[in-house]
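Coordinate inspection notes
So you can see what is in the structure, the chains are spelled out below.
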Amino acid sequence: ERKQIRRDMAIYRPQRHPLPLVSQMLVSDIDNTLLGDRAALRRFLATLRATPSNLGFGIATGRTLESTLKILKEWGVPLPDVLITAVGSEINYGLELRPDIRWQNLIKYSWRRDAVEEALREVPGLILQSPENQREFKLSYNVDPEALPPISKIRALLREQKLSANLIYSRQAYLDILPLRASKGRAIRYLAYKWGLPLRAFLVAGDSGNDHEMLIGDTLGVVVANHSPELASLRGDEQIYFANARYADGITEGMAHYAFGISTL
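Since we're looking at a predicted model, the values are computed, not measured. (Residues numbered from 1 in each chain as written. Predicted model: local features only at pLDDT ≥ 70, side-chain atom pairs only at ≥ 80, totals over all residues. Heavy atoms only, no water.)

Digging into the sheet that holds strand S2 (residues 55-60)
Within a sheet, each strand pairs with its neighbour through backbone hydrogen bonds, oriented either parallel or antiparallel. Strand order in this open sheet of 8 strands is S5-S4-S3-S2-S1-S10-S11-S12, and the pairing throughout is mixed. Sheet topology places strand S5 (98-99) and strand S12 (240-242) at the edges, where each strand pairs with a single neighbour. Contacts from helix H7 (residues 184-195) reach strand S1 (24-28), S2, strand S3 (82-85), strand S4 (90-93) and strand S10 (202-206) within the one sheet, and its direction differs from that of S4 by about 45°. (Pairing = 2+ DSSP bridges. Helix = DSSP H or I, 4+ residues; strand = E, 2+ residues; numbered from the N terminus. Contact = heavy atoms within 4.5 Å. Axes fitted to C-alpha atoms, helices over the stretch in contact; angles between N-to-C directions.)

So, the layout of surface pockets
Each pocket or cavity is described by its volume, and for the second largest pocket that value is around 390 Å³. Lining of the second largest pocket is provided by 20 residues; of these, Asp31, Gly62, Arg63, Tyr174 and Asn210 occupy positions nearest its centre. (1 Å grid on protein atoms, 1.4 Å probe; cavity = no way out; pocket = protein on both sides within 12 Å on 5 of 7 lines; lining within 4 Å. Points joined across faces, edges and corners; volume = space filled by probe spheres on them.)

What about unusual backbone geometry?
Leaving glycine aside, a negative phi is the common case for residues, and trans is the common case for peptide bonds. Backbone geometry at Lys162 places phi at a positive 55°, although glycine is not the residue there. Residue position: Lys162 is located in the loop between helix H6 (151-160) and strand S8 (166-170). Not every positive phi belongs to a glycine, and Gln172 is a case in point at roughly 50°. A relative accessible area of 52% places Gln172 in the exposed class. (Buried < 20%, exposed > 50% of the residue type's maximum accessible area, 1.4 Å probe, protein only.)

A look at the nonpolar core
Grouped together as the largest cluster of nonpolar side chains are 53 residues, with contacts concentrated most on Ile91, Leu120, Leu175, Ile177, Leu191 and Phe202. Of the residues forming this core, the biggest block, 6 residues, is contributed by H7. One finds Ile30, Leu55, Leu83 and Tyr258 within the second-largest nonpolar core, a separate group that totals 30 residues. (Core = buried A, V, L, I, M, F, W, Y, C linked by side-chain atoms within 4.5 Å.)

Description of the packing of helix H2 (residues 38-49) against helix H9 (residues 247-258)
In the contact formed by H2 and H9, the axes pass within 7 Å of each other and the chain directions differ by 30°. The residues of H9 that touch H2, namely those facing Ala40, Leu41, Arg43, Phe44 and Thr47, are Ala248, Asp249, Ile251, Thr252 and Met255. For the contact of H2 with H9, the per-class residue count stands at 6 nonpolar, 2 polar and 2 charged. (Nonpolar A, V, L, I, M, F, W, Y, C, P; charged D, E, K, R; others polar.)

Quick look at the pairing of S8
On a regular strand, one side chain projects to one face of the sheet and the next to the other, so that they alternate. Of all 5 residues making up S8, 4 are buried, and the element is well covered by its neighbours. As paired elements, S8 and strand S9 (residues 174-178) share 5 bridges and run antiparallel to each other. When the sheet's bridge partners are listed, Asn166 is paired in S9 with Leu178. Hairpin connection between S8 and S9: a loop of 3 residues separates the two successive antiparallel strands, and Arg171 in this loop has a positive phi of roughly 55°.

So, the pattern of salt bridges
Tallied over the full model, the rule gives 14 salt bridges. Taking the shortest distance from any N to any O, the salt bridge between Glu118 and Arg121 comes out at 3.0 Å. Taking the relative accessible area as the measure of exposure, Glu118 reaches 47% and is therefore partly exposed. Between Glu213 and Arg186 there is a salt bridge whose closest N-O contact spans 3.1 Å. In this pair, Glu213 sits in helix H8 (residues 212-215) while Arg186 sits in helix H7, placing the two residues 27 residues apart along the sequence. Side by side, Glu213 and Arg186 carry an identical accessibility label, which is buried. Here the salt bridges do not stand alone but share partners, grouping Asp29, Lys184 and Asp211 into one network. (Salt bridge = Lys/Arg side-chain N within 4 Å of Asp/Glu carboxyl O.)

Side note on the packing of aromatic side chains
Evaluated as defined, the whole model comprises 4 aromatic pairs. When the centroid spacing of 6.0 Å and the interplanar angle of 55° are considered together, the rings of Phe44 and Phe57 count as tilted. Separated by 13 residues along the polypeptide, Phe44 in helix H2 and Phe57 in strand S2 bring together distant segments of the chain. Accessibility assignment for this pair places Phe44 and Phe57 in one class, buried. With centroids separated by 6.5 Å and ring planes inclined at 5°, the aromatic side chains of Trp195 and Phe202 adopt a geometry described as stacked. In this structure Trp195 comes out as buried when scored by relative accessible area, which is 7%. Grouping aromatic residues by their ring pairs yields a cluster made of Tyr93, Trp195 and Phe202. Its guanidinium or amino end placed over the ring of Trp75, Arg38 lies 4.1 Å from that ring's centre, counting from NZ or CZ. (Phe/Tyr/Trp six-rings, centres within 6.5 Å; stacked < 30°, edge-to-face > 60°. Lys NZ or Arg CZ within 6 Å of the ring centre and 35° of its normal.)

Digging into the pairing of strand S11 (residues 220-223)
Neither face of S11 is exposed, since Leu220 and Val222 on one face and Gly221 and Val223 on the opposite face are all buried. As paired elements, S11 and S12 share 3 bridges and run parallel to each other. The partner of Gly221 across the bridge, within S12, is Ile240.

This is the structure in structure tokens:
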């Protein structure tokens, strides 16, 4: 899987535009990782404020950009430097929320959204999510796990119709279908190329299946204690730390484990 990510990204050799002054990046999932416990979040934000200016902060979430901005505001989280939203299919930067057009141009290769939706119309156990959760590069379903065929069979169905897509199944409740080159992990790898940073300059934090590929992408990783069972298979990976603390306290624990944000790379 890691080799496939490297092959996918080898086609992209951008002119590098470093994020000013940043030599490390902390990237966290939102729901049940960054958010979920207000006291833990306050402690994490205090830790983040105390880190050197060379540490950047980003989020990577399945939420849409609009939903992300709304919930971060509700929880009092300052706007991150980078927002990777819609399960990695969109990247925006800074206070101006500048979209990364190059990323969009990269992932749209072989993406036939309408054809994918039509191919899945009769698959049992898939319920199309509401329009506000659908994006140009993301097709999202709620799932009835009792009725849903194995994900491998859904992949095979799409392949039979010569449709390229990346299927991300999480919490036995959601299925997101993206372009083949899109995901949280691939978005982070793209940023590493773009800014000229080593992957170990990124610490990523998550809790569920849609974080799996992000956590195995040669970055440093932390899984919070309240993670879903689908991440249990990652235990033992030397670059993934399983925190004892829950929610944002788990991110803080992971930062301490790696001494991340303390020394420059």
